[in-house]
Amino acid sequence: MSVTSTAEQEQAPPPPPSSRSWSRAREDIVEGFRQRELWGHLGWQDIKQRYRRSVIGPLWITLSMAITAIGLGLLYSQLFGAHIQTFLPYITVGFIVWNFMSGCLLEGTDTFIGNEGLIKHLPAPLTVYALRTVWRLTLMFAHNLVVYVIVLAIFWSDLTGPYRITPVTGTLEPGIGLSILLAIPAFILLAINGGWVAILFGIISTRYRDIPPVINSLVSLIFFMTPIVWTTDILTATKIGGEGDGSWRILIAELNPLYHYVQILRAPLIGTEQNWHHWAVVGGLTVVGWAMAFVVMRNYRARVSYWV
Amino acid sequence: MVSINVWNASVDFPIFDAKSRSLKKLVLGKVGGKIGTEQKVPIIEALHDITLSLKEGDRVGLVGHNGAGKSTLLRLLAGIYEPTRGSARTLGKVAPVFDLGVGMDPEISGLENIMIRGLFLGMTRKQMEKKVDDIAEFTELGDYLQMPLRTYSTGMRVRLALGVVTSIDPEILLLDEGIGAVDAAFLAKARTRLVDLVNRSGMLVFASHQDDLLFELCDSAIWMDEGHIKMHGSLREVITQYKGRDPFASMDRETLERLGIEPALTTNPSEV
């Protein structure tokens, strides 16, 4: 008989550190990253699953992005009196980047709620589910990049030389050059931010189910507040308000953190003027965001399976 | 070294009703002052003061009424729930088979479910690709593995889940009730594999209401009652106490023979 008696149990080794410890939180994140085959597979599965039984499958991601970009590009270039050759690429890239970011925010809130079954039935680091969400969005981003490549091919000659998005009043943009390579670190930085967003908002949303609808309505508002279908040229144009130089209006964009995220990736992709302060802001937010995610992970990691 | 140690662990579930789960209550509660006891989230004490020590080679059956805490205890042992008070430590590669409907995606094929389960249990994709043929053969599902899981019967799901966990050499196997859904022939096959597994430096914890299954797979037992461990001892003693009668007395001859117990010996309580 191998059952230990009560007397032996009393002499058991001291209990392990409590579930609220930095080392357990770190362990979860490190172990989560290590299981990349798992979240990689789950992320792919999500994409395949969404378009199972449809004829063109994940190509729908690409196609719907193309339709939106062309429609909005045509409409807004007319509204703002901009050249379609440069405004369409601007909107397309802005929209692709926005899709990834809003995806992180919206699907991030659903990271743990949506994986309730798995969380309650299979022991795995929580980080795996956050990475699953970010990886799925990365794959969707990759599908959308096809639209970018097509648009780039069509308007190549307009984008590679200096151009203005808004005629006359707009800033002179340098055009696409070697700086396009900056898009790679920019996207990596965006994906890293997706990680903390999914962990932080995912855990808060699991506890407070009002958070997802709050984020939902905020995201659609922020979309209109962010220069995606309009340009910052419009904000700085002196003519609008009549009096004053109008330079304060740029704060509408500058105070919006998502503007900086859009800008670090969009600028190299369409060859507009790069401003280093965008990178600084994003870098700072990355550090702050991960610090918050780490604190929440330490305090509430063990509670998530109780809350879902 | 495979072991499970639990010290004075309790598991309390907060039950958020629609109101207390929202921010509204939290905000209004602070502004409007006390609303009496309503401010507290009601709690269900699923497990209370559990102390347990299991080691290599243990094959433990979990018995108890519905809602006694068997499934929660299994999840505590798996590390899914960390105790709200006390502590628990599980050393070894854990493979749980819990609720069979959940944790598997009904829309994707059996093969893909095998892959996902395997990856969750710490295998790599390559390792799982090698195991697939073995699992297909063991589960006897054949071409059915290409079909989406929603077309499977309960028994077929059990076969799939058991096929995966037994093929990956886990050290700690946690089975919830439900595996009784398979037919006798498959059960005999599964039993050999499970016993083999436990003998190869493993541990098994199995919750069930079926005596014959418990006797096939376990040698000791824990009786759970209202979140406590009411009794922990040899399987036969625990079942006798729990049911109020000797389990062998009601088993038919065939089952006893399969278990390797001489019917004549059943009158002798010292022999299990």
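A quick note: this is a predicted structure, and the numbers were derived from the prediction, not measured.

Participant: Before we go on, may I ask you to explain the overall build of chain A in this structure?
Facilitator: On a plain count of helices and strands, chain A comes out with 15 helices and zero strands. Oriented by its inertia axes, the alpha-carbon framework of chain A measures out at about 90 × 50 × 35 Å. Per-residue burial for chain A yields a buried fraction of 39% across its 308 residues. Taking the contacts inside chain A whose residues are at least 6 apart along the sequence as the reference set, 76% of them involve residues at least 24 apart.

Participant: For this particular structure, what's the right way to read the overall build of chain B?
Facilitator: Along its length, chain B carries nine helices and nine strands. The buried share of chain B, reckoned over its 272 residues, is 42%. In chain B, 73% of the contacts between residues at least 6 apart in sequence involve partners at least 24 apart.

Participant: Sorry, what's going on with the confidence of the model for chain A here?
Facilitator: Note that predicted coordinates carrying low pLDDT should not be read in detail. Of all residues in chain A, 91% attain a pLDDT of 70 or more, and the chain-wide mean is 88. Across residues 1-11 of chain A, where pLDDT falls below 50, the model places 14 contacts with residues more than four positions away in sequence or in other chains.

Participant: Whenever I open this one, the environment of Val282 of chain A confuses me. Can you help?
Facilitator: As for its position among the elements, Val282 of chain A is in helix α14 (residues 276-300). Separated by 92 residues in the primary sequence, Val282 of chain A and Leu190 of chain A have C-alpha atoms spaced 8.5 Å apart.

Participant: Any chance you could explain the nonpolar core here in plain terms?
Facilitator: General note: in soluble globular proteins, nonpolar side chains tend to be found buried as a group. Grouped together as the largest cluster of nonpolar side chains are 148 residues, with contacts concentrated most on Leu265 of chain A together with Leu62, Leu174, Leu204, Val205, Phe206 and Ala221 of chain B. When residues of this core are assigned to their parent elements, the largest contribution, 13 residues, is made by helix α7 (residues 127-154) of chain A.

Participant: I keep staring at the pairing of strand β3 (residues 59-63) of chain B and nothing clicks. Help me out?
Facilitator: On a regular strand, one side chain projects to one face of the sheet and the next to the other, so that they alternate. Residue and element names in this part refer to chain B. When you tally the buried positions in β3, you get five out of five residues, the bulk of the element. Burial along β3 is two-sided: the face carrying Arg59, Gly61 and Val63 and the face carrying Val60 and Leu62 are both buried. Note: β3 against strand β7 (residues 203-207), four bridges, orientation parallel. Bridge pairing in β7 links Gly61 to Phe206.

Participant: Help me understand the sheet that holds strand β2 (residues 43-55) of chain B, please; the structure alone is not making it clear to me.
Facilitator: Two orientations exist for strands paired in a sheet by backbone hydrogen bonds: parallel and antiparallel. Residue and element names in this part refer to chain B. Pairing is antiparallel across the open sheet formed by three strands, whose spatial order is β2-β1-β4. With one partner strand each, in any of the chains shown, β2 and β4 (85-91) form the two edges of the open sheet. Here the average twist between neighbouring strands, direction ignored, is 25°. Where strand β1 (residues 3-14) and β2 come together, nine bridges link them in antiparallel fashion. Bridged to Val11 within β2 is Leu47. Docked against the sheet, helix α2 (residues 70-78) engages β1, β2 and β4, running at close to 55° with respect to β2.

Participant: How should the packing of helix α5 (residues 84-109) of chain A against helix α13 (residues 257-270) of chain A be read in this particular structure?
Facilitator: Each pair of packed helices can be summarised by the angle the axes make with each other and by the distance between the axes. Residue and element names in this part refer to chain A. Closest axis-to-axis distance for the α5/α13 pair is 9 Å, and the angle between their directions is 135°. As far as their axial angle goes, α13 and α5 are oblique. The handedness of the crossing between α5 and α13 comes out as right-handed. Across the interface between the two elements, Pro89, Tyr90, Val93, Gly94, Val97, Trp98 and Met101 from α5 touch Leu258, Tyr261, Val262, Leu265, Arg266, Leu269 and Ile270 from α13. When its residues are assigned to classes, the contact of α5 with α13 shows twelve nonpolar, one polar and one charged.

Participant: Would you take a moment to explain the pairing of strand β8 (residues 220-225) of chain B for this structure?
Facilitator: Residue and element names in this part refer to chain B. The element β8 is extensively covered by neighbouring structure, given that five of its six residues are classed as buried. With six bridges connecting them, β8 and strand β9 (residues 228-234) associate as antiparallel partners. Each residue of the ladder has a partner; that of Ser220, found in β9, is Ser234. In this structure, the hairpin formed by β8 and β9 is closed by a connection of two residues, where Glu226 is found at a positive phi of approximately 50°.

Participant: How should the sheet that holds β8 of chain B be read in this particular structure?
Facilitator: Residue and element names in this part refer to chain B. Reading across from one edge, β5-β6-β7-β3-β8-β9 is the order of the six strands in this open sheet, with mixed pairing throughout. With partners counted over all chains shown, the strands left at the sheet margins are β5 (94-97) and β9, one partner each. Each neighbouring strand pair of the sheet contributes to a mean axis angle of 15°, computed without reference to strand direction. Bridge analysis of strand β6 (residues 172-175) against β7 gives four bridges, and the strand direction is parallel. Within the sheet, the bridge partner assigned to Leu175 lies in β7 and is Phe206.

Participant: Looking at this model, I keep getting lost on helix α6 (residues 184-199) of chain B. Mind explaining?
Facilitator: Residues lying three or four places apart along an α-helix face the same way, a consequence of the helix completing one turn every 3.6 residues. Here α6 of chain B is 16 residues long and its end C-alpha atoms lie 22 Å apart, about the 22 Å a rise of 1.5 Å per residue gives. Elements in contact with the buried residues of α6 of chain B: β3, α5 (154-167), β6, β7 and α7 (211-217) of chain B.

Participant: Please clarify how unusual backbone geometry should be interpreted in this entry.
Facilitator: Glycine aside, residues mostly have negative phi angles, and peptide bonds mostly take the trans form. Residues and elements named next belong to chain B. Within the chain, Asn8 stands out as a residue other than glycine whose phi angle is a positive 40°. For Asn8, the position within the fold is in strand β1. On the basis of neighbour counts, which here come to 14 C-beta atoms within 10 Å, the residue Asn8 falls in the partly exposed class.

Participant: What is the right way to look at the environment of Glu82 of chain B in this model?
Facilitator: With respect to the helices and strands, the residue Glu82 of chain B is situated in the loop between α2 and β4. Classification of Glu82 of chain B as partly exposed rests on a count of 19 C-beta atoms within 10 Å. A sequence separation of 72 residues divides Glu82 of chain B from Ser10 of chain B, and the C-alpha atoms of the two residues are 9.1 Å apart. In this structure Glu82 of chain B touches Ser19 and Ala302 of chain A, once residues within four positions along its chain are discounted.

Participant: Can you help me understand the packing of α13 of chain A against α14 of chain A in this one?
Facilitator: All names here are of chain A. Axis separation between α13 and α14 bottoms out at 9 Å; the angle between their running directions is 115°. In the packing of α13 onto α14, the handedness of the crossing is left-handed. On α14, the residues touching Pro257, His260, Tyr261, Gln263 and Ile264 of α13 are His278, Trp279, Val281, Val282 and Leu285.

Participant: Please explain the confidence of the model for chain B as it appears in this structure.
Facilitator: All names here are of chain B. Taken residue by residue, chain B gives an average pLDDT of 81. The fraction at 70 or more is 83%. In the model, residues 31-38 has pLDDT below 50 throughout and makes one contact with residues more than four positions away in sequence or in other chains. Taken as a whole, residues 263-272 scores under 50 in pLDDT and shows ten contacts with residues more than four places along the chain or in a different chain. Quick note on the complex model: pTM equals 0.87, ipTM equals 0.83.

About the criteria used
Residues numbered from 1 in each chain as written. Chains lettered and ligands numbered in written order. Predicted model: local features only at pLDDT ≥ 70, side-chain atom pairs only at ≥ 80, totals over all residues. Helix = DSSP H or I, 4+ residues; strand = E, 2+ residues; numbered from the N terminus. Buried ≥ 20, exposed ≤ 12 C-beta atoms within 10 Å, placed from the backbone. Contact = placed C-beta atoms within 7 Å. pLDDT = per-residue confidence, 0-100. Core = buried A, V, L, I, M, F, W, Y, C linked by C-beta atoms within 7 Å. Pairing = 2+ DSSP bridges. Axes fitted to C-alpha atoms, helices over the stretch in contact; angles between N-to-C directions. Parallel < 35°, antiparallel > 145°, perpendicular 65-115°, else oblique. Left-handed = near helix turned anticlockwise from the far one by under 90°. Nonpolar A, V, L, I, M, F, W, Y, C, P; charged D, E, K, R; others polar. Expected span 1.5 Å × (residues − 1).

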